[in-house]
Amino acid sequence: MLSGLEKQPNDPNLLVGFDKADDAGVYRLRDDLAMVQTLDFFTPIVDDPFDYGRIAALNSINDVWAMGGTPVTAMAITCFPKKGVDFSILKEIMRGGLSVLTENKVALVGGHSVDNEQIMFGYSVTGLIDPNHIATNSGAKPGDVIILTKPIGTGVISTGIKRAQASSEVIAESIATMMTPGKYAAEAIQKFDVKAATDVTGFALLGHAWEMACASNVTIEIDSARVPLINGALELAAAGLMTGADKTNREYVGRDVEIADDLDQNLVKLLFDPQTAGGLLLAIKEEKADDLLIDLRRHYPHAEVIGRAKGRDAKAIVIT
C-alpha cells in the first residue's frame, strides 16, 4: 500500500521503515534505546465479542514481539455502527482487549472510534527495544534453519465459524493458538540473538516467508510435511472454506514460489491461508537451532523446524 510513495529524505535514526515490509517500524531515540511502532485492526473472526477483543489485542502486540521488542502503550482503533448493534457488544470487545493489555503490562492511553457499518477493532502499539538487537525480515542468511512457532489454519477455521461448519473442538484449538502470546518468542529472540524474524499474519505463511526471503536475498526451502497445522484445518480447506485472501495471497507472491507438483492442494491452500495472531517465523544459525527449539517448545508445543535458507536462485520460496 505504501510502495507508491516517494522515499523520505534519509533519517539516520529510522532503523526500520516500510521498505522491507517488516512487522513494525523502529526509530532510535538514543544509542541504547529505540521505539517500536505498529498498527493493526480487523473484522470479527469469532462469535464471542470478548474473545474477539482479546485476539485483536494480541494480534497487534505480536508485531512488537516479532521484532524482539517490549510493548509499552496502546491506542484503540474502533469501527462500530451507531445503530443496529447493541453497544454492550462493543463494551465486551473493548473489555477483552483491555484484559490482554493489562495481562501483558501494556498501558491503554486512548484511542479513536468511527461510526461504521462493518465492525473492526484493533490497536496502535508502541514498544521499546535495544537498537543493537532488532530482529527483522532482512536478517536471514544462507544456511539458517527456519522455525515456525505456531500451527496454521486460523483463516479457514474463521470461515468455518461464519458458516457454522467448524466444530467446537476445532474452534477451541484455533482460539487457544491465537491466544498464545508472542512474548515468549520475543524473549527467545533476545536470548539467542535471533537476527531474522517475522510474524505470520494476513499474507499467510508463504507470503511472510516470501517477504523474509526477498528482504534477506535468500531462497527459503520449506518442507510442507513439517509445517504444523491446527487440527481440523485441513478438512475445512478440503471442504472449500477459504477466505477471500487465498486468491490475493497467491497473487502477492506471484511466480516467485515453486511448489512441488505432487503436493496435496488442500495443504497448499493452508500455506496461503491468512492467519490472525499467528506464530513467528524465525531464522537462526543451525548450531543454535536445537537449543532454540527446546526453549520455544516450553510455550509453543507445536514449534517446528520447517525449512532452511539457501543462496538466492530463481525462486524466493521452494515448497517440497
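Being a predicted model, the structure only gives us computed values, none of them experimental.

Here we take up the sheet that holds strand 4 (residues 70-80). Taken in spatial order, the six strands line up as 1-2-3-6-4-5 in an open sheet, and their pairing is mixed. Strand pairing shows two members of the sheet lacking a second neighbour, strand 1 (14-16) and strand 5 (107-115), which therefore form its edges. Strand-to-strand twist in this sheet, taken as the mean axis angle between neighbours without regard to direction, amounts to 20°. Where helix 2 (residues 87-103) meets the sheet, its contacts fall on strand 4, strand 5 and strand 6 (120-129), and the angle it forms with strand 4 comes to roughly 170°.

Moving on, we get to the sheet that holds strand 7 (residues 145-148). The strand order across the open sheet built from seven strands is 8-11-7-12-9-13-10, with neighbouring strands paired in mixed fashion. Single-partner strands in this sheet number two, and they are strand 8 (196-199) and strand 10 (257-259). Each neighbouring strand pair of the sheet contributes to a mean axis angle of 20°, computed without reference to strand direction. Alignment of strand 7 against strand 12 (residues 304-311), held across four bridges, turns out to be antiparallel. Across the sheet, Ile147 pairs through a bridge with Val305, a residue of strand 12.

Within the fold, Ser124 resides in strand 6. When neighbours within four sequence positions are excluded, Ser124 is seen to be in contact with Thr38, Leu39, Thr73, Ala74, Met75 and Ile77. From its side chain, Ser124 meets the backbone oxygen of Thr38 in a polar contact 3.5 Å long.

The subject of this paragraph is a negative patch on the surface. There is a patch of like negative charges on the surface, built from Glu258, Asp261, Asp262 and Asp313. Structurally, Asp261 can be placed in the loop between strand 10 and helix 9 (265-271). With a relative accessible area of 81%, Asp261 lands in the exposed category.

Parameters at a glance
For every chain, the first residue of its written sequence is number 1, and the numbers climb from 1 along that sequence. Only residues with pLDDT of at least 70 are given local features in this predicted model, and only at 80 or more are side-chain atom pairs given and counted; all residues enter the totals for whole chains, interfaces and linings. As a rule here, side-chain values come from all non-hydrogen atoms in the structure, and water together with hydrogens is ignored. Pairing between strands is defined by DSSP: at least two bridges between them are needed. Secondary structure follows DSSP: runs of H or I at least 4 residues long count as helices, runs of E at least 2 residues long count as strands, and numbering of each begins at the N terminus. Fitting a line to C-alpha atoms yields each axis, with helices limited to the stretch in contact; the angle taken between N-to-C directions then spans 0 to 180 degrees. Here a residue-residue contact requires only that any non-hydrogen atoms of the pair lie within 4.5 Å. Here a polar contact is taken to be a pair of N or O atoms separated by no more than 3.5 Å, where protein atoms must pair a possible hydrogen donor with a possible acceptor and residues adjacent in sequence count only if both atoms sit in side chains. For patch building, the residue pool is restricted to those with more than 30% relative accessible area and no salt bridge; the joining distance is 9 Å between like charges and 5 Å between nonpolar side chains (Val, Leu, Ile, Met, Phe, Trp, Tyr). Using the Shrake-Rupley algorithm and a 1.4 Å probe, accessible areas are obtained, with residue cover drawn only from the displayed protein chains. By convention in these notes, a salt bridge is any Lys or Arg side-chain nitrogen within 4 Å of a carboxyl oxygen on Asp or Glu. When charges are counted, neither His nor the chain ends are considered; positive counts come from Lys and Arg and negative counts from Asp and Glu. All charge positions are set by atom: Lys at NZ, Arg at CZ, Asp at CG, Glu at CD. Only protein chains enter the area calculation, which uses a 1.4 Å probe; residues under 20% of their type maximum are buried, those over 50% are exposed, and those in between are partly exposed.

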